[in-house]
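A closer look at the structure
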Amino acid sequence: YTWVRDAMSYDVAATAGWSFSDFDLDEVIAESLRGREPISAEANTSIAWKIQGGLWYDYTDKVAFRGTISYFHCTPDVTLTYAGQSRRFSQSANAILLGASVVYRIF
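Residues numbered from 1 in each chain as written. Predicted model: local features only at pLDDT ≥ 70, side-chain atom pairs only at ≥ 80, totals over all residues. Heavy atoms only, no water.

Here the focus is the overall build of the chain. Along the backbone of the chain there are one helix and eight strands. Scanning the chain from its N terminus toward the C terminus, one meets helices and strands in the order β-β-α-β-β-β-β-β-β. The C-alpha atoms of the chain give 22 Å as radius of gyration, which overshoots the globular expectation for 107 residues (13 Å, by more than 25%). If one aligns the C-alpha atoms of the chain with their principal axes, the spans along those axes are about 65 × 25 × 20 Å. Sequence separation of 24 or more characterises 59% of the internal contacts of the chain that already satisfy a separation of 6 or more. (Helix = DSSP H or I, 4+ residues; strand = E, 2+ residues; numbered from the N terminus. Rg over C-alpha atoms; globule rule 2.2 N^0.38 Å. Contact = heavy atoms within 4.5 Å.)

In structure tokens:
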């Protein structure tokens, strides 16, 4: 949703969906953990969501400034398997994102 007031506008947005999480163990770490048995790791698909607020300021007809702040939330479950035993835990992939930009209109 966007509110416009003269040269300034404010916006708020929210998104949600599936996070298809996956990773590989670094070879050095896998070797240090391995021992005699193979070790494997996997992450599940989980829900992710983000909420964002932004500010846009038209400095001139051609130049504008943009700033945003957002919070991203995703906590997939990770499963480690070693020597026939599995351990499952939630891993935080949450982030606070800050953005700033200068916009130049070509046309």
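Having put the structure on the table, let's press on.
To continue, consider the environment of Ile-106. Here Ile-106 is to be found in the segment after β8 (95-104). You can call Ile-106 exposed: its relative accessible area is 65%. (Buried < 20%, exposed > 50% of the residue type's maximum accessible area, 1.4 Å probe, protein only.)

A few words now on unusual backbone geometry. For Asp-6, which is not glycine, the phi torsion reads 55° and is therefore positive. When you line up the elements, Asp-6 lands in the loop between β1 (2-5) and β2 (8-20). With relative accessibility at 75%, the residue Asp-6 sits in the exposed group.

As summarised here, the arrangement of the three strands in space is β3-β6-β7, forming an open sheet in which the pairing is antiparallel. Where the open sheet ends on each side, the last strands, each with one partner, are β3 (39-43) and β7 (85-90). Looking at each pair of strands side by side, their axes are set apart by 15° on average, direction ignored. Judged from the six bridges that link them, strand β6 (residues 77-82) and β7 form a sheet pairing that is antiparallel. From the neighbouring strand, Thr-81 faces β7, where its bridge partner is Ser-86. (Pairing = 2+ DSSP bridges. Axes fitted to C-alpha atoms, helices over the stretch in contact; angles between N-to-C directions.)

What follows is about the packing of aromatic side chains. Under the counting rule described, the total for this entry stands at three aromatic pairs. Residues Tyr-1 and Trp-3 carry aromatic rings whose centres are separated by 4.8 Å and whose planes lie at 70° to one another, so their mutual orientation is edge-to-face. A residue is classified by how much of its surface remains accessible, and Tyr-1, at 64% relative accessible area, is exposed. (Phe/Tyr/Trp six-rings, centres within 6.5 Å; stacked < 30°, edge-to-face > 60°.)

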